[in-house]
Amino acid sequence: MATIKLLIADSKEDWLNNIKRMIINMDNVCLVGEARNGQETLDKVNELQPHIVLLDIDLEGIDGLKVTEILAKESQNVQTIIMSTKSSPEYFRKAMKSGAKDYLIEPFSNSDLSDAIQNVFNKWLKDKADLFTDDNTAKVVTFYSTKGGVGRTTLAVNLAVALAAKGKRTLLIDASLQFGDVALTLNLNPQNTISEVIDKDEFTIDGIGRRITKHKASGLEVLAAPREPAQAEAVTAKHLQQIIDVIKPLYQFIIIDMPSIITEKELAILDKTNLLFLIATLEITSLKNTKILLKTLQSIKYDLDKVKIILNKDMPDIGIDKTQLETGLGIPIYATIPMDSILAQVSLNKGISFVLESPASLISRTIIDVAERLIGPSKKPVNTSKSAILRIKDLLFGN
């Protein structure tokens, strides 16, 4: 089912909040933002690119009819639904003439609103199904380890940086809510974190976007963990899923650094995960814990095809090798990251990603290779050269 991106524009705060409560119960509708006047509506449409704008006919500044008329001319892929307390046929005709696709008379019910959104969207979607392939929503890649100290956060951060540096729209979420280190690893000092999203109840693209911190060197965007461990309690499993659902259409990759525990929150993240990178090392305790986790995932019917083992800190002659690890786990190794504790530690202390600082190092090249595997082969460029007939025509008659 395609996700419908919705923008609400209404000058009446109480009614706007009432509509937001209705939207929460609509499974495939994602509220991307809000606007309070006509000009703000036009600005938000350009910024957020919603599928549908639900707007009040009596918007302050540029009124709803004029906004609808402008959108009909300049943003053909944006569909408009007018809301109004005016029930006369005259206003309905004016709304349709301006380019609106439906007209809702206030007050309306949840079902009235849902039906209007779904009907308008489905009519528009008939010839645009190709816009809603998996390529247009983020692939969610989660990093997990059964114990700390195995380099999970370092790998998550450097892979995210590698993807962003290759021009992929990438968001890194620090879901280690009590003691997250993602911001520190990148030498970031976020003014906002996931806590502010929860506190302000801003589960929109616009609201979450204000809480994201940019890593300027790579272009990576980061949603940091709460500043204090006590704040983590306010973040629920539902909150985490809402955040992922809302921002998924904006990115190509969402990388999640998950703590070494399994609670309702972590299970909620796993439900939204396309690829689970399970980090293991060549230690007997890591082998034992990783094997237990795989068995646990199997028992809860988790799709093990999503699970990929990354062997970190690989080194020879320590009693266990890669082959023994694969045999013991019953699953092939997806990638092997060589041991380079000095580079990793120096980069961590400096707050610099080593894939940017030392891209030629073996450890960086290995992580960049993982990024390239995730991106996949580039599509062949379309041949835009002129046909033989057109070239002959140019020669005979000129351009």
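Data block above holds the structure.
Here we summarise the structure given alongside this text. In this text, all values refer to a predicted model and were calculated from it rather than measured experimentally.

1. Details of the sheet that holds strand β2 (residues 29-35)
Across the sheet, 5 strands lie side by side as β2-β1-β3-β4-β5; this open sheet has parallel pairing. Strands at the two margins of the open sheet, each flanked by one partner only, are β2 and β5 (102-105). On average, each strand axis in the sheet is tilted by 25 degrees relative to the strand beside it, whichever way the strands run. Relative to β2, strand β1 (residues 4-9) runs parallel, the two sharing 6 bridges. Bridged to Leu7 within β2 is Gly33.

2. Comments concerning the pattern of salt bridges
Enumeration according to the criterion identifies 21 salt bridges in this entry. Salt-bridge contacts for Asp56 lead to Lys12; the nearest nitrogen and oxygen are separated by 3.2 Å. Residue Asp56 is found in strand β3 (residues 52-56), and its partner Lys12 is found in the loop between β1 and α1 (13-24); the two are separated by 44 residues along the sequence. Accessibility expressed as a relative area gives 4% for Asp56, which makes it buried. A salt bridge links Asp206 to Lys44; its shortest N-O distance comes to 2.8 Å.

3. Regarding the nonpolar core
Ile82, Leu171, Ile243, Ile247, Ile254, Ile256 and Val307 are the most contacted members of the largest nonpolar core, which totals 65 residues. For this core, the element with the most residues is helix α10 (residues 237-247), which contributes 5 residues. If near-sequence neighbours (up to four positions away) are discounted, Ile247 is found in contact with Leu171, Ile173, Ile208 and Ile254. Ranked by size, the runner-up nonpolar core spans 37 residues in total, among them Phe143, Ala160, Ile255 and Ile363.

Conventions we followed
- Residues numbered from 1 in each chain as written.
- Predicted model: local features only at pLDDT ≥ 70, side-chain atom pairs only at ≥ 80, totals over all residues.
- Heavy atoms only, no water.
- Pairing = 2+ DSSP bridges.
- Helix = DSSP H or I, 4+ residues; strand = E, 2+ residues; numbered from the N terminus.
- Axes fitted to C-alpha atoms, helices over the stretch in contact; angles between N-to-C directions.
- Salt bridge = Lys/Arg side-chain N within 4 Å of Asp/Glu carboxyl O.
- Buried < 20%, exposed > 50% of the residue type's maximum accessible area, 1.4 Å probe, protein only.
- Core = buried A, V, L, I, M, F, W, Y, C linked by side-chain atoms within 4.5 Å.
- Contact = heavy atoms within 4.5 Å.

These values are about where atoms sit, not about what they do.
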